[in-house]
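# Commentary on secondary and tertiary structure
Here is what each chain is made of, one letter per residue.
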Amino acid sequence: MSNSKEILFHIGMPRTGTTTLQRNLFQNTDYFVGMPVHQDGKPDRFWRQAGLAICKPTSPPGIQCVKNKIKTLEENAEAENKRIVISDEMFTSLGSPLYFQEIYANRIKAVAGNSAVFLVIRNQQEIIKSRYRQHKVWRQWATIGLPIGYQYTDKKPSLFKLIPKKVIRFDRWLKYGIATQDHNWFSNLNYYQLYKSYCDILGSDKVFVLFFEDMVKNPEYFSRQLGDILSVDHNVVLKALKDKKNTSKGNYLKRIRKSPVNNGLGIPNFIRLNYHQFIGKGGLDPSVDGELRELIQSTWGSDNKKLSRELGVDLEAKGYLL
């Protein structure tokens, strides 16, 4: 359990219910402060733009801006008896590789000495499949040549970026990502090293790990765990999870239509190339066959074993390859 006076940073992972927690839980102003929002209800990017959750040079004024914001939050939280939670999956996104994590941990310590972090992880083969499905909508993540060189920007896409590019087939995409993980692509999926990056700087008693598998299959247990970390009743967390809207084909297609990248016909290439699978099976479900399982296991298996021992959790039972 964390100290209720600590500032709690939720650092991801992407594709682990982060948006659900942000919108349904952390924006609940009866219990929390720290999640600025737009008028449309989406999380604001203040912490990212201030340089806290994106690896770009952070000037002293930028650090001071974050410190001032946190000081104001501390005053409000104390006056209203609420918990400060700062959440941004950019800490562990594909654009923030493993070697950035020490930088982020030091920034968190610099701007909020009395802080703790928690992250939700998901077994590698499933999170990779989920990222692939998502990034076939936002194809800058699933096109040849872009993964290493892609840089986050708040600017609108240029005309050049709207030019269709060749989409990588799933097995090639996975192999490409693993082959380049020393640069940035899948490096954060080494959960043991990710965990240790924060423990070494903040202390192991300040770093909490939860599991997406528990969120989906045992929400009551997950809610109790997260409720202890947040110092709130677990029913508050459970209600937030139950409020999550089911993702339907219709909602998925709406997102696709809003995609800034398509083939000029308004139909993304992956729908055209996988039409029968999309319609017949209710969505894309890239398969992880024996060869790919061996590749995933050889890449992260030994560190998954270390994490399993470190946390005292049977990761193999949750679908992690050891």
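Scoring rules and cut-offs
Residues numbered from 1 in each chain as written. Predicted model: local features only at pLDDT ≥ 70, side-chain atom pairs only at ≥ 80, totals over all residues. Heavy atoms only, no water. Buried < 20%, exposed > 50% of the residue type's maximum accessible area, 1.4 Å probe, protein only. Helix = DSSP H or I, 4+ residues; strand = E, 2+ residues; numbered from the N terminus. Pairing = 2+ DSSP bridges. Polar contact = N/O pair within 3.5 Å; in protein donor to acceptor, adjacent residues only side chain to side chain. Contact = heavy atoms within 4.5 Å. Salt bridge = Lys/Arg side-chain N within 4 Å of Asp/Glu carboxyl O. Core = buried A, V, L, I, M, F, W, Y, C linked by side-chain atoms within 4.5 Å. Axes fitted to C-alpha atoms, helices over the stretch in contact; angles between N-to-C directions. Parallel < 35°, antiparallel > 145°, perpendicular 65-115°, else oblique. Left-handed = near helix turned anticlockwise from the far one by under 90°. Nonpolar A, V, L, I, M, F, W, Y, C, P; charged D, E, K, R; others polar. Expected span 1.5 Å × (residues − 1). Arc of directions from axis to C-beta. Phe/Tyr/Trp six-rings, centres within 6.5 Å; stacked < 30°, edge-to-face > 60°. Lys NZ or Arg CZ within 6 Å of the ring centre and 35° of its normal.

### A word on the pairing of strand β1 (residues 7-10)
- Judged by which residues are buried, β1 turns out to be covered on both faces: I7 and F9 on one side and L8 and H10 on the other are all buried.
- The pairing of β1 with strand β4 (residues 115-121) spans 4 bridges and is parallel. Opposite H10, over in β4, you have F118 as the bridge partner.

### So, unusual backbone geometry
- The amide bond that connects G12 to the next residue, M13, takes the cis arrangement and shows omega of 5 degrees.
- Topologically, M13 is positioned in the loop between β1 and α1 (18-26).
- Positive phi is not limited to glycine here, since R15 has a value of about 70 degrees.
- Assignment of secondary structure puts R15 in the loop between β1 and α1.
- A residue is classified by how much of its surface remains accessible, and R15, at 29% relative accessible area, is partly exposed.
- One non-glycine residue, S231, lies in the positive phi region at around 60 degrees.
- Looking at the element boundaries, S231 is found in the loop between α10 (219-230) and α11 (234-242).
- Its relative accessible area of 34% is what places S231 among the partly exposed residues.

### A word on the side chain of S130
- With respect to the element layout, S130 can be found in helix α5 (residues 124-135).
- The exposure class assigned to S130 is buried, which follows from its relative accessible area of 5%.
- Side-chain polar atoms of S130 contact the side chain of R15, separated by 2.9 Å.
- Leave out the neighbours within four places in its chain, and S130 touches R15 and R122.

### Some words on the pattern of salt bridges
- The final tally for this structure, using the stated rule, is 6 salt bridges.
- As a salt-bridge pair, D214 and K318 come within 2.8 Å of each other at their nearest N and O atoms. Here K318 lies in the segment after α15 (290-311) and D214 lies in helix α9 (residues 212-217), a separation of 104 residues in the sequence. No difference in accessibility class separates D214 from K318, as the two residues are buried.

### Quick look at the nonpolar core
- In this structure, F9, I121, I128, Y191 and Y198 are the most contacted members of the largest nonpolar core, which totals 50 residues.
- Core analysis: the second largest hydrophobic core is formed by 23 residues, V85, F118, F212 and L226 among them.

### A look at the environment of M90
- Among the secondary structure elements, M90 is positioned in the loop between β3 (83-87) and α4 (101-111).
- M90 sits in the buried class, given a relative accessible area of 9%.
- Separated by 79 residues in sequence, M90 and I11 have C-alpha atoms that sit 7.3 Å apart.

### Quick word on the packing of α10 against α11
- In the contact formed by α10 and α11, the axes pass within 8 Å of each other and the chain directions differ by 125 degrees. Relative to α11, the element α10 is oriented oblique. For α10 against α11, the interelement crossing comes out right-handed. Across the interface between the two elements, P219, E220, F222, S223, R224, L226, G227 and L230 from α10 touch H234, V237, L238 and L241 from α11.
- Residues of the contact of α10 with α11, tallied by class, amount to 7 nonpolar, 3 polar and 2 charged.

### Thoughts on α10
- Across its 12 residues, α10 extends 16 Å between first and last C-alpha, which sits within 8% of the 16 Å expected from 1.5 Å per residue.
- Those residues of α10 that fall on the buried side of the exposure criterion are F222, S223, L226, G227, I229 and L230. Here the buried residues of α10 occupy an arc of 155 degrees about the axis, which is enough to place them on one side.
- Count one or two residues on from α10 and you reach S231, which has phi positive near 60 degrees.

### Some points on the packing of aromatic side chains
- Inspection of the entire model under this criterion finds 8 aromatic pairs.
- Arranged with centres 6.3 Å apart and planes meeting at 50 degrees, the rings of Y31 and F32 form a pair that is tilted.
- According to the relative accessible area criterion, Y31 is partly exposed, its value standing at 34%.
- Linked through ring pairs, F26, Y31, F32 and F118 together constitute an aromatic cluster.
- When the ring centre of F211 is taken as origin, the NZ or CZ atom of K318, which lies over that ring, is 5.1 Å away.

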